[in-house]
2 protein chains.
Amino acid sequence: MDTVTRLKSAIRDIPDFPQPGILFRDITPLLNDPEVFHVAITEFARTCREAGAERIAGIDARGFLFGATVAYELNLGFVPIRKKGKLPFQTLGQSYDLEYGSSEIEIHTDAFRPGERVALIDDLLATGGTGGAAVKLIQRAGAQVVTAAFLIELTALGGRAALGEIPVTSIISY
Amino acid sequence: MDTVTRLKSAIRDIPDFPQPGILFRDITPLLNDPEVFHVAITEFARTCREAGAERIAGIDARGFLFGATVAYELNLGFVPIRKKGKLPFQTLGQSYDLEYGSSEIEIHTDAFRPGERVALIDDLLATGGTGGAAVKLIQRAGAQVVTAAFLIELTALGGRAALGEIPVTSIISY
């Protein structure tokens, strides 16, 4: 079985979550199967290595699962990008639009060295709202995003456009 | 430098966060130093191995950083315990008291095999509200908690009492 087939077989489709008409891709079976999780981390790590990443950033909360593990595997530092109000030191904030209303994520101002090469990791690229805001935060904090890597990309939602010129990688796409 | 001193040197004290009078222990410098993060994961992994853990559970969101990485290191499955409304499959919920009001966390009903030995991981043991609720969820889902392991324990808050008979380990205590 190839990598994509193996990973897809560990993702469960949940209709009508979190609201009617949405087909949710549930990654909990993948997390709960250590061999498949290992395959996913290996793919992320390869992407980050090829991009010459010097630090890993991950988005609250599912991006923490993959981001921290990839940082561990590559022996790089990890930077959390969190929902507003969670980071205790000096922060930069970036808001982004949701279907109804908006949300805001934050990063610590001292997260990076100037010009550092950062890989951004999250589980899902959908409309790109969160990912695009995360890219801006990393750049505003003085670093460069050398790759944005996602486990799953929902291609019909066109999220890559929100990430501008950043090289985007997804391991699985639907 | 011994392990505890080294870990403590990578934790930053932030006064009056999230509210006046609270001294917040900021773990972001620890996450951002791969050698120190490695020390923390090694300690967690040893605790889980000695307890004979067959699966790792971690609590949303900072518990994901350590829990998923420890599961990866030990080649075990990882189970997320999440804030209410985030898990898409059939869930069990458990509420717990906060200083003002209450909160609820959830787990998937199919997370474990019956009787399985589970290690619960989180970054912080404070009053034990979240940890105690997480223990109940794991037990209600049909598994047993063989250890509850925390990076930091705030001993003055007496959180161990909320975990009942479960063996509790903390790597650092204040």
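Shown above is the structure to which this text applies.
Residues numbered from 1 in each chain as written. Chains lettered and ligands numbered in written order. Predicted model: local features only at pLDDT ≥ 70, side-chain atom pairs only at ≥ 80, totals over all residues. Heavy atoms only, no water.

Draft legend 1. Helix H3 (residues 34-50) of chain A, seen in detail. All names here are of chain A. Taking 1.5 Å per residue as the helical rise, H3 with its 17 residues ought to reach 24 Å, and the 24 Å between its terminal C-alpha atoms agrees with that figure. With a side-chain oxygen positioned 3.1 Å from the backbone nitrogen of Glu35, the residue opening H3 is Asp33. Following H3 by one or two positions, Gly52 has its phi on the positive side, about 70 degrees. (Helix = DSSP H or I, 4+ residues; strand = E, 2+ residues; numbered from the N terminus. Expected span 1.5 Å × (residues − 1). Polar contact = N/O pair within 3.5 Å; in protein donor to acceptor, adjacent residues only side chain to side chain.)

Draft legend 2. Broad picture of the pairing of strand E7 (residues 117-125) of chain A. Residue and element names in this part refer to chain A. Burial analysis of E7 places seven of its nine residues in the buried class, which makes it a mostly covered element. Bridge count for strand E3 (residues 55-59) against E7 is four bridges, and the pairing is parallel. Counted as the bridge partner of Arg55 is Val118 from E7. Both E7 and strand E8 (residues 144-153) contribute to a ladder of eight bridges, which runs parallel. In the strand pairing of E8, Ala119 is matched with Thr147. (Buried < 20%, exposed > 50% of the residue type's maximum accessible area, 1.4 Å probe, protein only. Pairing = 2+ DSSP bridges.)

Draft legend 3. Spatial organisation of the environment of B:Ala119. Residues and elements named next belong to chain B. Tracing the backbone through its elements, the reader meets Ala119 in strand E7 (residues 117-125). For the pair Ala119 and His108, spaced 11 residues apart in sequence, the C-alpha separation works out to 16 Å. For Ala119, the residues in contact, after removing those within four places along its chain, are Cys48, Ala53, Arg55, Ile56, Ala57, Val146 and Thr147. (Contact = heavy atoms within 4.5 Å.)

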